[in-house]
Every structure is written in structure tokens, then in C-alpha cells.
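# Topology and contacts: notes
Chain by chain, the residues:
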Amino acid sequence: MTFRKKDFLMELDTGEKEQIRTEQVRIAYKQSFVSVFPLFFAGVIIAHMFFQTPVFLITTVWFLAVILTLLWRLWLLRIFRIHPEKHDTRTWERHFAYVMLSSAVVWGSVAFFIFESPNVLQQFFLIFLIAGISSIASGTLASLFGLAVLFLLLLLAPLFCVMFFTGGMEYQMMGILVIAFFALLVSAARRIHQNIMNALKSKILHEKATQALNLSEERFETIFKDAPAGIFYYDSDLIVIDSNVEMMQILKINKENMIGLDLKKLPDKCLDEAISAPFGEHKGYYEGPYTSMIKKLELWITLRTSPMYDTKRNIIGGVAIVTDITERINAEEKIKHQAYFDALTDIPNRILLKDRIEQSLAHYRRHHNLIAIMFLDLDHFKSINDSLGHHIGDLLLIETASRLTSICREGDTVARLGGDEFVILLNELGTNPHVAATRAETVAEKIHNALSIPFDVGQTEAIITSSSIGIAIANSDNQNADDLLKFADTAMYQAKKEGRNTTRFYQEKMDQWIKKRLFLENGLRHAIKNGELELYYQPVLEIVTKRIVGAEALLRWNHPEMGLVMPDEIIDIAEESGLIVSIGEWVLREACTQFVQWRAAHMNKWHIERIAVNVSAVQFRQSDFVDKVIRIVAETGIVPSMLELELTESMIIDKMDSVINKMNRLRTAGISLSMDDFGTGYSSLAYLKRLPFTTLKIDRSFIRDIMSDKDDAALVETILSIASIFNLDVIAEGVETIEQFNFLERHGCGYFQGYLCSKPVQVPTFEELLNYDIQSCQSNY
């Protein structure tokens, strides 16, 4: 094989080339030490040979040069051996070349002593000495081929010159032989150099292979031990022979239980096919549930198996990789559950409900077995949520869902659409529409009864609520889930309209009412900005003086298409949509501003001393209600005692401590408070004692029949007596006749309002009334 150094080095990277060069220099240093003592003894012999000869002085100098070169070489070898890190490879190589070339020059000069001795034997001794040194050098310096060639050239060149130019024909022939000898030594050095380089390359490649193998083994060991998946090996008898830690952690067992485990005895046979696959030279795979043998863990895993071979490619077992995907599967199931079930109540949501309705409708179209949709809404839930807090509202919804679920059959569906809206899908109601309606109504009655039981949600007093239910029964093959939900929703709003806590079946005429309601709600959202709201004022008269001393501000809506819209059509929509807060704030500010203007313009002429404003329950329950009232009073400049806020009995019975706190803050600010529609609600004396009211307003339903109904007359007398005891002013509402007026006057009622004087009127008309007395009001009426 021909040695090509360039091709050889091209196979190596820079680091490996440097490593080989270092090895070449190290070999050269090591080999050079062997010739030190032979050269020393040869030098002694030559010095002795020319002792007492004419060239004694020259040989003495030459011998000293030999000694110096040998000492230099020994010193350099010692430094290299003790401190090899002192220089880099190129520097050590350069120092070594200096020493060896100096030695070549010194020993090459021996050729000039050949013909200084007449003794032929001595001449041949010197020639053979030079030849011997050359032969040794061709081997010891062969690792550094260039240096070896230069060393041989410096060593043999003087001999060639002496032989070829000094002696006769026979010596010239010997000179030519010197050249041939030089070529032979160079060839030998080249061959030795090639062998050394091949050996070094083999060593480097072996070291690389060994390192790669060790690294591969380390990596494999690392992967096996630290892989995020369980790995185990088993033999041809399906006995586990090794396992990593992750595998044992998946199964929650120790190494003693794992190693030696017989896979044939696994109670869960779902893995058998995958485990056996490697012995048919196939890869096995399984994904699914698995129950572990020892700990009985319910897992969800993926198992991959592959054959395991010996050096002859015989299958001796298998390797299995196990991934525990239980958490992922659980997370996917949780996400799926969250997509189809309500997060609060854990019952089906709108998506799942609509899917089940469509399935039920498909069944209905095939078999004509009727289904019904019940749309349920908790009455006054928003008031409960606002007054008691969202946490209590959530508990109420959870308990409601539980009660509804307990009532319905297993094949029915109870779902929550959001807020306090629930839907019940009733299946298999029969083919007779009348029977189906009866069965649906029976379920509705059960729901009303179940929800009428007080809810214990951690409050001092249990919460009592009711529900409005709308029912729609499928009656056409063309109906879909959205249609039935819309129909049931419309029927539910009709139930609310007719007094709540009741059930209504869908009728087509209900669509007109719900469309009107939606139309009004959309318009109401822009009413304030568009300046469509207006306050009417109804006079409040003092019975003794028969003069107008106050007014009650009443809301009207000048709708651009429907004309004047009365409060009965506004308030419910405003409360349910949340618009009542901004509307109520506008009413309060507008009434106070108007009252201040009246007082400023006609203080000496008119005796108007109070302005009354109705407050919605939703508005009153706002946490910043009192702050807003006080701010509006300050901004409008009204005297606080001249502002009277009218509260209904129903809004003050829930969360009594909070209500009292708000009322006390208002009274501290100087604002008057009246109980509106007194007698229609709880009318508890205990409430009158605890609550800081300044005025009671007798509801018009009692005033209307006081002249013909003794019970109403007696009740009004009682209210007047109670007010006197608690030192409260009394305003009678709905006074329409002079007889009613006279009755109230006889029994000491302080104030009244009603059509006897005037209905609620606009500002200009009210200002005209302020100039009249009671007789003028009566004549106008």
C-alpha cells in the first residue's frame, strides 16, 4: 500500500492531526535517548584513536562538541519528560530538530578524519561508524520523516565529499555507494514513518471508536434510567429482566416486585397481544385502560414493544416502552365535560341540551312520541343576588339544579342556560297532545312545590323563592331546538307577566308580546341619551291648609313610535335588564334640579317643601347607592330634608342589617324616607320600630273603598293611629272624591295626593297648580 500523508490527514480533524503530531514528537524524543551512550563511547574511541597524532587538538575540540550535543540532548529529554506542558508541540519539535541537526553536523565531520589515519582498519571503522549512526537514525527519527532525511543528509554529505573528491577511483565508487546508501536509508525511514503513522491513525481511530462506544453506552444508560417513559426488558419466557425507575413509578412498585414479574400472569389481558408481538418479528402497540396487578391502579397507558436480538440476530426477548397518559386522558375528559356541562351546577349546558333536543326531535319525527321543553326562571333572583351576594346566589342555583334533577326522570334532561335560567327536556310523553300537556303540567307543579321549600344556604334565615315556567310541546316535524327554546322562553315571560310563580304553555299570540318587550328594551337603552325620558309631577297637599306642599316625581317615556309609555311598562324591563340603575340616577338628579329651580324662583309665593322620588329595589341594593344620593344632593344644591325617598316594604325585609345601615346613613345626611304602599306587604310594627322612616304612605287600594268598606275604613284608622304613636307623617294615595278627603280630614291624616286635585302632570301644568288651592283643584278635576 502506498502511503499518502495528505490523504491520511484529510481523514482526520484538526484536533486529531495535532494529537498525531504530538505522538510523532513523543516517539522521536523517546527513541533519541537510546543512542546517547553508544554515541558517547564512540566519541571516546575516536578521541583515543587520534591521541598523540597531529590532529589531536582538533579531535579534542570535536569530542567536546560531541559531549555538548549529548548533554544538550539529555537536558532537553529531561525537560520534556518532567514538564511536557511547558511548550506546545511545534516548539518541542523545533528544539529537538536543533539538537539532532547539531549532532548530525558534529558526527558528519568525522568523515574528515578518515584520511588523517594511515591505518586502513581505522578508516573503515570511521566509515562503518558513520554508516551505523545513519542506520540507527533512519529508524529512531523516522516518526519525524523530514527531520530524518535532513539528519541523514548532514551526516552522510561530508562522507560523500571525502570519498568522491579526495580518494582514488575505488573511493569515488564508495562515494557513489554513499549516495545509494543515503537513498536506501531514506526509503527505509519513509517505510518506518508510514508504519508509525498507520499505527498512530489506528490508535486514534480505535480511541474514537472506544469513546463513541462508551458515549453510546452512557447515552443509552441515561435514556434507560432517566427517560420520561417506563422501559422494561423481558425474555422469551415473558419474565421481566430489567426495568427503569420510571416504569416502577408508573406502577407504584419497587424493584423487587418488578424484576422477575411474569407477564403471562397479568390479570388484565389487554396487553397480551402487544407483549407477544416481538416473537413474531413484529412491533406491538396498545393504547387504552389498564388495571395494574399489584396496586390495582386504574391507568390509561400506551405500550410499544419491539424484538430484542442476540449477536446472531436471534430473538431473545422484547423491550417495552410504556407511557402513562392517565392525566392527559383525564384532562381531555375534563375539557370535554366542561364543554358540555355547566361549571357551577355540573348539569348539561346549552350545547349539550340542544344536541339532546335535536336527538329527541329526530326520535319524535320517526315515532311521533311527543316531547316538551320547560323553560324555568327563578323569580326575583337578581334581587337576591344583588342583596345577598353572588356567593349566596351561586349556592341557590346549585341547590335548585339538585332539586330539579331529583324530580325529573332518568331519560329527561335538566340543563342550565346561564344566570337563573334552567331548561328541562321531557321525553316520551306519549302520542296524545292532551296527555303530553297534562304530564308536563304535572312535572311543573312538582317543580313549583320543590322550589317553594325554603333554601338553607348558610344565611340566618332560609331563602324563599319561586319560579316562572314556560312550556312548549313539539307539534311539527319542521321545528328545531332553537324554535322550541324560543317558544318555551316566550311562555315563561308570559308567566312572569301574569304574576310569577306560575306555569304557562306557549301560544302563538305570546310572540307579539315578547317582540314588543324586546322592542321596548332596545329603545330604553337609548332613551336617556336621546332625551326621551320625562318627569311628571303629582301634587301632595296638606289637608289642614289645603295647599300644595310637595310633589311626587313620576317617570314617563316619550317613545318616538309608541308615544307616551307609562311606568308599568318600563320598570320591570329596566330592572331585569339592569337599566334601572342609570334611569333611577337620572330621575333623582332631574327631580332635585327641578325642585331647586322652583324654590329659587318662587320661594315666597309657593309653599312647596318636599319632593318625593321612588327608589327601585335593584337601585337601593347597589353598594354605592347612598354615596350617589349624597353626591347628587350636593351637586344639585337641594336642602337634604326636602328630599324624600320612597321605599317599598318588599325591598327592606332582606338583609335587614344592611338596609338599616343604608337608611341610617341617609337620615344622618338629612334625607327623609317614606314607606310606600304601606299595608300591602308585611306591615310589621317591629319594622316600624327599627327602621328610621319619616313618612307612611297609605296604598290607594285601601283609600278607594273607605266610604263603603268598613274593613278598609278601620284599617286606615289603624294606620293613622300607628303613625301617630311613632310620630310619623301620613300621606294617603289615590284620593279621588271629596268624601274620601273629608274622612281623612276627620281622622287626622296629614297629607294626600290623588285625582281629587290632579293626576301627574308635566312641569308647566304643575306650576299652574301651585297657584291654586284645594277648591280650584277640585273644580279642575
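The rules behind these values
- Residues numbered from 1 in each chain as written.
- Predicted model: local features only at pLDDT ≥ 70, side-chain atom pairs only at ≥ 80, totals over all residues.
- Heavy atoms only, no water.
- Helix = DSSP H or I, 4+ residues; strand = E, 2+ residues; numbered from the N terminus.
- Rg over C-alpha atoms; globule rule 2.2 N^0.38 Å.
- Buried < 20%, exposed > 50% of the residue type's maximum accessible area, 1.4 Å probe, protein only.
- Contact = heavy atoms within 4.5 Å.
- Areas by Shrake-Rupley, 256 points an atom, 1.4 Å probe, with all protein chains shown as cover.
- pLDDT = per-residue confidence, 0-100.
- Pairing = 2+ DSSP bridges.
- Right-handed = clockwise from strand over helix to strand, strands pointing away.
- Axes fitted to C-alpha atoms, helices over the stretch in contact; angles between N-to-C directions.
- Phe/Tyr/Trp six-rings, centres within 6.5 Å; stacked < 30°, edge-to-face > 60°.
- Lys NZ or Arg CZ within 6 Å of the ring centre and 35° of its normal.
- Salt bridge = Lys/Arg side-chain N within 4 Å of Asp/Glu carboxyl O.
- Core = buried A, V, L, I, M, F, W, Y, C linked by side-chain atoms within 4.5 Å.
- Arc of directions from axis to C-beta.

Across its full length, the protein holds 29 helices and 19 strands. The C-alpha atoms of the protein give 57 Å as radius of gyration, which overshoots the globular expectation for 781 residues (28 Å, by more than 25%). Based on the C-alpha atoms only, the size of the protein along its principal axes is roughly 180 × 75 × 50 Å. Taken across its 781 residues, the protein has 47% of its residues classed as buried. In the protein, 65% of the contacts between residues at least 6 apart in sequence involve partners at least 24 apart. For the protein, the accessible area works out to roughly 39,900 Å², and carbon and sulfur atoms hold 56% of it.

Moving on to the confidence of the model for the protein. On average, residues of the protein score 86 in pLDDT, and 93% of them are at 70 or above. Low pLDDT, under 50, characterises residues 1-6; the predicted model gives this stretch ten contacts beyond four residues in sequence or across chains.

With respect to burial, strand β18 (residues 729-733) is a largely interior element, four of its five residues being buried. Bridge count for strand β17 (residues 695-698) against β18 is four bridges, and the pairing is parallel. Along β18, the bridge assignment pairs Ile698 with Ala732. Handedness of the β18-helix α27 (residues 738-746)-strand β19 (residues 751-753) crossover: right-handed.

Let's shift gears to the sheet that holds strand β10 (residues 503-505). Reading across the sheet, the five strands line up as β7-β8-β6-β9-β10 and stay open at both edges, with mixed pairing between neighbours. Every interior strand has two partners, whereas the edge strands, β7 (413-418) and β10, have only one. On average, each strand axis in the sheet is tilted by 20 degrees relative to the strand beside it, whichever way the strands run. Across the sheet, helix α17 (residues 481-497) touches β6 (372-378), β8 (421-426), β9 (467-473) and β10, and the angle it forms with β9 is around 140 degrees.

Moving on, we come to the packing of aromatic side chains. Applying the stated criterion across every chain, the model contains 20 aromatic pairs. Both rings, one in Phe40 and one in Phe63, keep their centres 6.4 Å apart while their planes meet at 40 degrees; by these two values the pair is tilted. Of this pair, Phe40 sits in helix α3 (residues 36-49) while Phe63 is found in helix α4 (residues 56-82), placing the two residues 23 residues apart along the sequence. Looking at Phe40, the relative accessible area reads 31%, which means it is partly exposed. Cluster of aromatic residues (ring-pair linked, three or more members): Tyr29, Phe80, Trp92 and Phe96. A cation over an aromatic ring shows up here: Lys662 above the ring of Phe620, its NZ or CZ 5.3 Å from the ring centre.

A complete count under the given rule lists 28 salt bridges for this structure. Measuring nitrogen to oxygen at the nearest pair gives 3.4 Å for the salt bridge that ties Arg328 to Glu332. With Arg328 and Glu332 both in helix α12 (residues 326-340) and four residues apart, the pair spans about one turn of that helix. Owing to a relative accessible area of 42%, Arg328 belongs among the partly exposed residues under this scheme. Classification of Glu332 as partly exposed rests on a relative accessible area of 43%. In this structure, Lys496 engages Asp377 in a salt bridge whose closest nitrogen and oxygen atoms are separated by 2.8 Å. Pair noted here: Lys496 is in helix α17 and Asp377 is in strand β6, with a separation of 119 residues, a long-range link. With respect to class, Lys496 is no different from Asp377; both count as buried.

As a further point, take the pairing of strand β14 (residues 610-614). Within β14, four of the five residues are buried, which leaves the element mostly enclosed by the surrounding structure. Note: β14 against strand β15 (residues 643-648), four bridges, orientation parallel. Opposite Ala612, over in β15, you have Glu644 as the bridge partner.

Checked against the element boundaries, Leu215 lands in helix α8 (residues 169-226). Judged by relative accessible area, which is 37%, Leu215 ranks as partly exposed.

Following the sequence through the fold, Ser32 ends up in helix α2 (residues 14-32). A relative accessible area of 2% means that Ser32 is categorised as buried.

Before going further, it helps to examine the nonpolar core. Tyr537, Leu643 and Leu645 are the most contacted members of the largest nonpolar core, which totals 86 residues. Among the elements that make up this core, the one with the highest residue count is helix α20 (residues 580-602) (nine residues). Excluding anything up to four places from it in sequence, Leu643 contacts Leu588, Cys592, Ile611, Val613, Val629, Val633, Ile638, Ile671 and Ser672.

A separate point is α27. Taken as a whole, α27 has its buried residues at Gln740, Phe741, Phe743 and Leu744. One face of α27 carries all of its buried residues, which in axial projection span an arc of 160 degrees. Looking at the buried side of α27, the elements it contacts are α25 (700-703), α26 (710-725), β18 and β19. One or two residues past the end of α27 sits Gly748, with phi positive at roughly 80 degrees.

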